[in-house]
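# Residue-level structure breakdown
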Amino acid sequence: MLARTVTHALVGLDARRVEVEAHLQRGVPAFTIVGLADRACQEAKERVRSGIASAELEWPVRRITVNLAPAGLRKEGSGFDLPIALALLAASRQIPADRLAGHAAIGELALDGRVRPVTGTLAAAEGAQRAGLTKLLCAVDSAHEAALAGVEPVPLRHLAEAVAYLRGESEQPPYVAPANGRPAGPAFPDLADVRGQERARRALEIAAAGSHNLLLGGPPGTGKTMLARRLPGILPPLSDDEALEVTRIHSVTGLLRPGHPLVTEPPFRAPHHSASAAAIVGGGPGPRPGEASLAHRDVLLLDELAEFVRPALEALHQPLEDGAVSVARAGGQAVFPARF
Ligand SMILES: Nc1ncnc2c1ncn2[C@@H]1O[C@H](COP(=O)(O)OP(=O)(O)OP(=O)(O)O)[C@@H](O)[C@H]1O
Ligand SMILES: [Mg+2]
């Protein structure tokens, strides 16, 4: 018995389609996941097993093989739990396999069967949208990311809700768009707090108006840090396209705040001077975006510039020139926008 569901794996900020195939055979009961799955992905076994039991469904006592295709693509994270569980349930005829057509799924399972949000749902939903899938089964808290990508979310609290919906026993769980409340009050310190410093303030205004880089130098205690921290406050709000770009980066790194699905305020980043080159421009096996990309469309403040390690400063050369960082790792090559 074979069934499949569709989900997405992240390569940088890009979602690649992944088919989760579950195959049940007679034989000694076992559960294997193949297809370049990392640790978190392998641990899905335990979460899926407990999740299915908690939803009062039947664990298929069979030789179970789950294949994440294409096998050459590295799969990271816990977002495969839900699609794996659904493929298993479809393969064991507990949900009708044909109902899964047109759906993608993403989400982590808690041991009690609750569906948890995962990072990068926005990118995954955009992948689903490009592939012509119309619905995304995901956690309630990431439903807005699906909606932003133009895919209809099927918001789930529990695996049992997914099963009831796919069996046609219950209506599609309703999606209520959160009001994207703008943060109350000025989020940033005000330039009006600064006394004097006419030239430095003018320099800040010119840098803000023309998106220029700015180097502040001077004796200790003359207000350099104070001035630099007030730059975000005089920047214009993000346009809709920019907001989506920034939201995509923040979604992948798990920085989205609940209740604020869309990042509308420019993101201000001030990494400590002990930061490594990978922390600044991105890296890791995944790879993941760094501070330069988290500050995309806004301010990257390197306070005490001279104290930063040389490789970190040199790594900033490419984003300063191209407005993007390309990182090549074992997990694949990724291009992160980094126009700060
Ligand atoms: N022009 C100014 N107007 C108002 N307050 C100021 C001004 N310059 C300095 N200050 C006060 O001095 C404090 C120290 O300034 P700040 O930390 O910005 O100096 P700095 O130039 O970054 O020093 P360092 O080189 O030691 O990092 C500020 O928090 C502020 O309270
Ligand atoms: Mg300072």
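Being a predicted model, the structure only gives us computed values, none of them experimental. The residue numbering used here restarts from 1 in each chain and proceeds along that chain's sequence as written. The lettering of chains begins at A and the numbering of ligands begins at 1, in the order of writing. Where totals are concerned, whole chains, interfaces and linings use all residues; where local detail is concerned, this predicted model gives features only for residues with pLDDT of at least 70, and gives and counts side-chain atom pairs only at 80 or more. As a rule here, side-chain values come from all non-hydrogen atoms in the structure, and water together with hydrogens is ignored.

Here the focus is the layout of surface pockets. A volume near 1300 Å³ is recorded for the largest pocket. Lining the largest pocket are 40 residues; nearest its centre among them are His212, Asn213, Leu214, Leu300 and Phe340. Only DSSP runs of H or I reaching four residues or more are called helices, and only runs of E reaching two or more are called strands; each is numbered from the N terminus. Elements with a contribution of two residues or more to the lining of the largest pocket: helix H7 (198-210), helix H8 (224-228) and helix H13 (317-322). The element contributing the most residues to the lining of the largest pocket is H13, with four residues. Each residue is assigned to one class: nonpolar for Ala, Val, Leu, Ile, Met, Phe, Trp, Tyr, Cys and Pro, charged for Asp, Glu, Lys and Arg, and polar for all the others, Gly among them. Along the lines of polarity and charge, the residues of the lining of the largest pocket split into 25 nonpolar, five polar and ten charged. Only protein atoms enter the 1 Å grid used here. Points where a 1.4 Å probe fits but cannot escape make up a cavity, open sets with protein on both sides within 12 Å along at least five of seven lines make up a pocket, and a residue lines them when an atom lies within 4 Å of a point. Grid points are joined across faces, edges and corners, and a volume is the space filled by probe spheres set on the points. Estimates place the volume of the second largest pocket at around 460 Å³. Lining the second largest pocket are 25 residues, and of these Val140, Asp141, Ser142, Ala143 and His144 sit closest to its centre. At the level of secondary structure, the elements contributing two or more residues to the lining of the second largest pocket comprise helix H5 (143-148) and strand E9 (152-156). The element best represented in the lining of the second largest pocket is H5, accounting for three residues. Of the residues contributing to the lining of the second largest pocket, the split by class is 13 nonpolar, seven polar and five charged. By convention here, the domain bounds are inherited from an automatic or database domain assignment. Structurally, the lining of the second largest pocket is a two-domain feature, drawing no fewer than three residues from each of domain 1 (2-167) and domain 2 (191-337).

With respect to the helices and strands, the residue Leu300 is situated in the loop between helix H11 (291-294) and helix H12 (310-315). The sequence separation of Leu300 and Pro267 amounts to 33 residues, and the corresponding C-alpha distance is 8.8 Å.

Right, let's get into the sheet that holds strand E3 (residues 30-34). Ordered by their spatial adjacency, four strands build an open sheet running E1-E2-E4-E3, and the pairing between neighbours is mixed. In this open sheet, the two strands that pair with only one neighbour each are strand E1 (2-11) and E3. Strand-to-strand twist across the sheet, computed as the mean angle between neighbouring axes with direction ignored, equals 20 degrees. Pairs of strands are assigned from DSSP output, requiring at least two bridges between the strands. Note that strand E2 (residues 14-25) and strand E4 (residues 63-69) share seven bridges and pair antiparallel. Helix axes are fitted only over the stretch in contact, all axes being lines through C-alpha atoms; the angle between N-to-C directions runs from 0 to 180 degrees.

So, on to the packing of aromatic side chains. Centre distance within 6.5 Å is the pairing criterion for rings of Phe, Tyr and Trp, where only the six-membered ring of Trp is used; planes under 30 degrees apart are then read as stacked, over 60 as edge-to-face, and the remainder as tilted. Within the structure shown, the criterion is met by one aromatic pair. Whether a charge lies above a ring is judged from NZ of Lys or CZ of Arg, which has to be within 6 Å of the ring centre and within 35 degrees of the ring normal. Cation over ring: Arg99 sits above Tyr165, and NZ or CZ is 5.2 Å from the ring centre.

As a further point, take the site of ligand 1. As a structural note, the neighbourhood of ligand 1 is formed by Asp193, Val194, Arg195, Gln197, Pro220, Gly221, Thr222, Gly223, Lys224, Thr225, Met226 and Glu304. Pairs of N or O atoms are called polar contacts if they sit within 3.5 Å, as long as, within protein, a hydrogen donor faces a hydrogen acceptor (for residues adjacent in sequence, only side-chain-to-side-chain pairs). Contact between ligand 1 and Arg195: a nitrogen atom at 2.8 Å from a main-chain N or O atom of the residue. Between ligand 1 and Thr225 there is a distance of 2.7 Å, counted from an oxygen atom to a side-chain nitrogen or oxygen. Compared with its free state, where it exposes 630 Å², ligand 1 has 60% of that area covered by protein. Residues that form the shell around ligand 1 fall into these classes: three nonpolar, five polar and four charged. Put simply, a residue is near a molecule or strand once any heavy atom of it comes within 4 Å of that molecule or strand. Here the Shrake-Rupley method, with its probe set to 1.4 Å, supplies the accessible areas, and only the displayed protein chains count as covering residues.

With domains assigned, the chain is organised as domain 1 (2-167) and domain 2 (191-337). For domain 1 and domain 2, the distance between their C-alpha centres works out to 35 Å. Contact definition: two residues touch when any of their heavy atoms are within 4.5 Å. Each partner contributes to the interface: domain 1 provides 14 residues, whereas domain 2 provides 20 residues. Accessible area that two parts lose when put together, with a 1.4 Å probe and added across both, is what the buried area reports. Interface area for domain 1 against domain 2, summed over the two sides, is near 1400 Å², with a carbon-plus-sulfur share of 69%. One side-chain nitrogen of Lys or Arg within 4 Å of one carboxyl oxygen of Asp or Glu is enough to make a salt bridge. Between the two partners, domain 1 and domain 2, sit one salt bridge.

Let us now look at the sheet that holds strand E8 (residues 135-139). Hydrogen bonds between backbone groups are what pair the strands of a sheet, and the pairing can be parallel or antiparallel. Spatial ordering of the open sheet is given by E5-E8-E9, a layout of three strands whose pairing is parallel. Strands at the two margins of the open sheet, each flanked by one partner only, are strand E5 (103-105) and E9. On average, each strand axis in the sheet is tilted by 25 degrees relative to the strand beside it, whichever way the strands run. In terms of strand pairing, E8 meets E9 through five bridges, oriented parallel. Paired with Lys135 across the strands is Glu152, a residue of E9.

With that out of the way, let us pick up the side chain of His103. Inspection of the secondary structure assignment puts His103 in strand E5. Partly exposed residues are those whose accessible area sits between 20% and 50% of the maximum for their type, while under 20% is buried and over 50% is exposed, using a 1.4 Å probe and protein chains only. Exposure remark for His103: the relative accessible area of 9% places this residue in the buried category. At 3.0 Å, the side chain of His103 and the backbone oxygen of Ala101 are in polar contact. Ignoring any residue separated from it by four or fewer positions in sequence, one finds His103 in contact with Val6, Leu133, Lys135, Leu137 and Tyr165.

A separate point is the nonpolar core. Nine residue types can take part in a nonpolar core, namely buried Ala, Val, Leu, Ile, Met, Phe, Trp, Tyr and Cys, and a core is a set of them joined through side-chain atoms within 4.5 Å. Counting residues in hydrophobic clusters, the biggest one holds 44 residues, and the most contacted among them are Val66, Leu68, Leu82, Ile84, Leu86, Leu88 and Leu137. Excluding residues that lie within four positions of it along the chain, Val66 makes contacts with Val20, Glu21, Ala22, Phe31, Thr32, Ile33, Val34 and Ile84. Among the nonpolar cores identified, the runner-up in size contains 19 residues, and Leu13, Val281, Leu316 and Ala338 belong to it.

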